[in-house]
Amino acid sequence: MDLTGKVAVVTGSGRGLGLAYARALAAAGAHVVVNDVDQQAVDAAVESVAAAGGKAVGVTAAVGTTAAADELVSAAVEHFGRLDVLVTNAGILRDKVLWKMTDDDFDDVIRVHLRGTFSCARAAAVRMREQGEGGRIILIGSPAGQRGNFGQTNYAAAKAGIAAMARTWALELARAKITVNAVIPVAATEMTKTIPAFGPAIEEAERTGASLPDWIRKQEGLGTVEDVTGLVTFLASDASAAVTGQAIGLGGDRLALWSHPQEKAVDFRDGGWSADEIAAAWSEGVGARPETFGIPAPQPPTGS
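These remarks concern the structure in this document.

Before going further, it helps to examine the pairing of strand β7 (residues 247–251). The element β7 is largely enclosed, with a buried count of five among its five residues. Burial along β7 is two-sided: Ala-247, Gly-249 and Gly-251 and Ile-248 and Leu-250, pointing in opposite directions, are all buried. Taken together, the four bridges between strand β6 (residues 178–185) and β7 define a ladder with parallel strand orientation. Looking at the pairing, Ala-182 lines up with Ala-247 of β7. As defined by bridge partners, β7 adjoins strand β8 (residues 254–258) across five bridges and the pair is classed as antiparallel. Note that in β8 the partner of Gly-251 across the bridge is Arg-254.

Here helix α4 (residues 103–131) crosses helix α6 (residues 153–172) at 15°, and the two axes come no closer than 8 Å. Taken together, the axes of α4 and α6 lie roughly parallel to each other. Of the two possible hands of crossing, α4 and α6 adopt the one that is right-handed. Between α4, through Asp-105, Phe-106, Val-109, Ile-110, His-113, Leu-114, Thr-117, Phe-118 and Ala-121, and α6, the contact on the second element is made entirely by Thr-153, Asn-154, Tyr-155, Ala-158, Lys-159, Gly-161, Ile-162, Met-165 and Trp-169. Here the contact of α4 with α6 is built from residues that sort into eleven nonpolar, five polar and two charged.

Judged by nonpolar contacts, the single largest core of 36 residues is most densely connected at Val-33 and Ile-137. Mapped onto this core, the elements with two or more residues apiece are β1 (7–11), β3 (56–60), α3 (66–80), α4, β5 (135–140), α6 and β6. Those residues in contact with Val-33, other than ones at most four positions away along the chain, are Ala-8, Val-9, Val-10, Val-57, Val-59, Leu-72, Ala-75, Ala-76 and Phe-80. Counting residues in hydrophobic clusters, the runner-up holds 32 residues, among them Ala-26, Val-32, Val-87 and Leu-235.

Quick notes on the rules
Residues numbered from 1 in each chain as written. Predicted model: local features only at pLDDT ≥ 70, side-chain atom pairs only at ≥ 80, totals over all residues. Heavy atoms only, no water. Buried < 20%, exposed > 50% of the residue type's maximum accessible area, 1.4 Å probe, protein only. Helix = DSSP H or I, 4+ residues; strand = E, 2+ residues; numbered from the N terminus. Pairing = 2+ DSSP bridges. Axes fitted to C-alpha atoms, helices over the stretch in contact; angles between N-to-C directions. Parallel < 35°, antiparallel > 145°, perpendicular 65-115°, else oblique. Left-handed = near helix turned anticlockwise from the far one by under 90°. Contact = heavy atoms within 4.5 Å. Nonpolar A, V, L, I, M, F, W, Y, C, P; charged D, E, K, R; others polar. Core = buried A, V, L, I, M, F, W, Y, C linked by side-chain atoms within 4.5 Å.

Encoded structure:
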């Protein structure tokens, strides 16, 4: 995939998935603005991205404010003359169950993930529309936002909102030829190491350099951070010009298209529905096959 001449901003790219995205875009020929709240992480990321083959500059800032978003877009324009791609990866975790989650726990995660995505996408859309040549906005979601996850009220709500924003902005920016999609990555990180079914396999793969077992890469769709980068590079390219408004998952060997929420079952009753009538009809009507919720627990093969 050739991204020569394109300029990308990747938020939260000092380490982990964000750094992998930035390096992959640079390897495909793009110039990249990297970002993190830690100056040392930014400096190291600039060197790493440049080593991957592209030019890079860094912006040390916490996303979530208009000022930070404007600074990121301005850095792209000042150093490279334009902006073609935005990847909104920045995020934090403040995991607690509902009855223990504080206002700050909730607000901090919403500010970085949801407001940060909004403010950066708005600034990027303004610049891309001014350029008049289209663009690519790639929002980073999560399985938690698609299905919910225990202890992640704030994170799941933010990621669900990000998927909804992708669908909305795909409508609003279509005339300007700016595509907007949500990526749902699944990768081995410090967090997934804490899952008992995954931890030993991840640690063994890191120790030996061997690939993760097939059941993890295929059945669970979990791989390395580098495994996710092909999707981001594709969505940043001209090859994805017809792809917009989608939530697309990638992890390990598994590429997936997530469905949008839609009516699953419908019942009608002349004159409407009382509470008693709903109760009487529920289990045999629309409620006969209720939706599942939560990220399914890993299912290792028997004997593994």
